[in-house]
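Residue strings, one per chain:
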Amino acid sequence: MKPRVPSIAKVLQRALQLDFFSELLFPEKSDTELLPQTAPDFHQGTPLTALPKLPTSFTHPNSNRKIQLPDASLEYVLLRSKRRTIGFQITEEGLRVTAPRWVTVANIDDAIQEKQQWIINNLNERRKRTERRLETAMRWEDGASFLFLGQILNLRIQRSDSVTHITTDYQEEPRELSIQLPLDASEQQLKDSVKTWLQKEAKNVFSKRLPVYADMLGVSYKSMSLSNAATRWGSCTSQGKIHLNWRLIHFAPELIDYVIAHELAHLLEMNHSPRFWARVESVFPDFKRARQRLKRHASAELPVF
Ligand SMILES: [Zn+2]
């Protein structure tokens, strides 16, 4: 279909491209260590099963518009706002389009057609990710496992009527976390106890490693706290407050070290300039590899609490 109003379509397309990138690259205020958009292979030793056939229709639970594209039919949510450009967001639910009030539906359809490849690719990517997450959803039962400091940890779950409160006991060889539960304890209580234990371990490990890298870099930090941010592994304020995502505890110690070195290096350089990376490299020479590995770890692959 040819754009009905070519001049406006061109202007929109430009605005659109700028908007795409700003939303892709800076989903929120620019800070450190964004989680990857996609979830590549992370399960060592587990071959990827054949990917499902790519769907030709995309829906959205709250869709109010539909468009037929050559390769797919696409239902999406159209929202009007005071913004000045058309914005496209791919969420877990589907495509959401936000457009200024003065843009006609025909203009929006044209804009979608212009960007259909990007939209379809990203919707496919999201769908695959959701499917993978469902496949890898953890069963919270005896023998279940997840990664702890980069290695498999098995859960030993015992329920007994002689137990009055939940206790956790960690054993390093073989890596096991034993949990004793009262008979009537819920699955959520079980998850909470594992989460509490992981957070305690995270705090221990981070507190030990921070001073090591602070010394090497010659910086001092004011405080460390655990974060639960969905989009970043760590952050740091100019006042020296370090926030580290407790879920790093799933990863190998060197990845935790890398994030710590990265955040502390920000106390010297509050940016990602070559000077900043040189600081990181001075204390963590293999930072490029660590960065790549961290990018490959997707939140989708971690247990859900
Ligand atoms: Zn950073």
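Here the structure is a predicted model, which is why all the values come from computation and not from measurement. Residue numbers restart at each chain and count upward from 1, following the sequence in its written direction. For this predicted model, a pLDDT threshold of at least 70 governs which residues receive local features, and a threshold of 80 or more governs which side-chain atom pairs are given and counted, while totals over whole chains, interfaces and linings are taken from all residues.

(A) Fine view of the overall build of the chain. Secondary structure follows DSSP: runs of H or I at least 4 residues long count as helices, runs of E at least 2 residues long count as strands, and numbering of each begins at the N terminus. Secondary structure assignment for the chain yields seven helices and twelve strands. Exposed residues have 12 or fewer other C-beta atoms within 10 Å of their own C-beta, buried residues have 20 or more, and partly exposed residues fall in between, where C-beta atoms are placed from the backbone. Residues counted as buried form 22% of the 305 residues belonging to the chain. A pair of residues counts as a contact when their C-beta atoms, built from backbone coordinates, are within 7 Å of each other. Long-range contacts, defined here as pairs at least 24 residues apart, represent 53% of the contacts in the chain between residues at least 6 apart.

(B) Seen up close, the sheet that holds strand β12 (residues 241–245). The rule for pairing is simple: two strands pair if DSSP sees at least two bridges between them. Here three strands make up an open sheet; going across it, the order is β10-β12-β11 and the pairing mixed. The open sheet terminates on both sides in strands that have one partner only, identified here as β10 (223–227) and β11 (234–236). Strand after strand, the sheet turns through a mean of 15° between neighbouring axes, direction not considered. Two strands pair when backbone bridges link them, and β10 and β12 are joined in this way by five bridges, in the parallel orientation. Opposite serine 225, over in β12, you have histidine 243 as the bridge partner. Interaxial angles span 0 to 180 degrees and are taken between N-to-C directions of axes, which are lines fitted to C-alpha atoms, for helices over the stretch in contact. In the packing of helix α4 (residues 187–217) onto the sheet, contacts are made with β10 and β12, and the angle to β10 comes to roughly 145°. Against the sheet, helix α5 (residues 253–265) contacts β11 and β12, and its axis sits at roughly 20° relative to β11.

(C) Up close: the nonpolar core. Among the nonpolar cores identified, the biggest contains 35 residues, and Leu248, Leu255, Tyr258, Val259, Ile260, Ala261 and Leu264 are the most heavily contacted of them. When near neighbours in sequence (up to four residues on either side) are disregarded, tyrosine 258 contacts Phe284, Phe287, Ala290, Arg291 and Leu294. Core analysis: the next-biggest nonpolar cluster, separate from the first, contains 14 residues, Phe58, Tyr76, Leu95 and Val97 among them. Nonpolar cores are identified as sets of buried Ala, Val, Leu, Ile, Met, Phe, Trp, Tyr and Cys residues joined via C-beta atoms within 7 Å.

(D) Inspection of the environment of valine 259 at higher detail. Mapped onto the fold, valine 259 is located in helix α5. In sequence terms valine 259 and asparagine 245 are 14 residues apart; their C-alpha atoms lie 9.6 Å from each other.

(E) A look at the packing of α5 against helix α7 (residues 287–296). Between α5 and α7, the least distance of the axes is 10 Å, while the angle of their chain directions is 105°. It follows from the interaxial angle that α5 and α7 lie roughly perpendicular. Here α5 contributes Glu254, Leu255 and Tyr258 to the contact with α7, which in turn contributes Phe287, Ala290, Arg291, Arg293 and Leu294. Reported orientations rely on four angle classes, namely roughly parallel under 35 degrees, roughly antiparallel over 145, roughly perpendicular from 65 to 115, and oblique for the rest.

(F) Structural context of helix α6 (residues 274–283). Along α6, the residues classified as buried are Arg279, Val280 and Val283. Relative to the axis of α6, the buried residues are bounded by an arc of 95° and lie together on one face. Away from its buried face, by an angle of more than 90 degrees, α6 presents the exposed residues Pro274 and Ala278. Residues of α6 that are buried in the fold lie against α4, α5 and α7. The directions considered for the arc are those from the helix axis to the C-beta atoms.

(G) Representation of the pairing of strand β5 (residues 95–100). With burial as the criterion, only one face of β5 is covered, namely that bearing Leu95, Val97 and Ala99; the residues Arg96, Thr98 and Pro100 on the opposite face remain uncovered. As paired elements, strand β4 (residues 87–90) and β5 share four bridges and run antiparallel to each other. Within β5, the residue paired with glutamine 89 across the bridge is arginine 96. Hairpin connection from β4 to β5: four residues lie between these consecutive antiparallel strands, with glycine 94 at a positive phi of about 145°.

(H) Focus on the confidence of the model for the chain. The quantity known as pLDDT measures the predictor's confidence residue by residue, on a range of 0 to 100. Per-residue pLDDT for the chain averages 80, and the proportion of residues at 70 or more is 78%. Summarising per-element confidence for the chain, the mean pLDDT is lowest in helix α1 (residues 6–25) (34) and highest in α6 (98). Taken as a whole, residues 1–55 scores under 50 in pLDDT and shows 67 contacts with residues more than four places along the chain or in a different chain.

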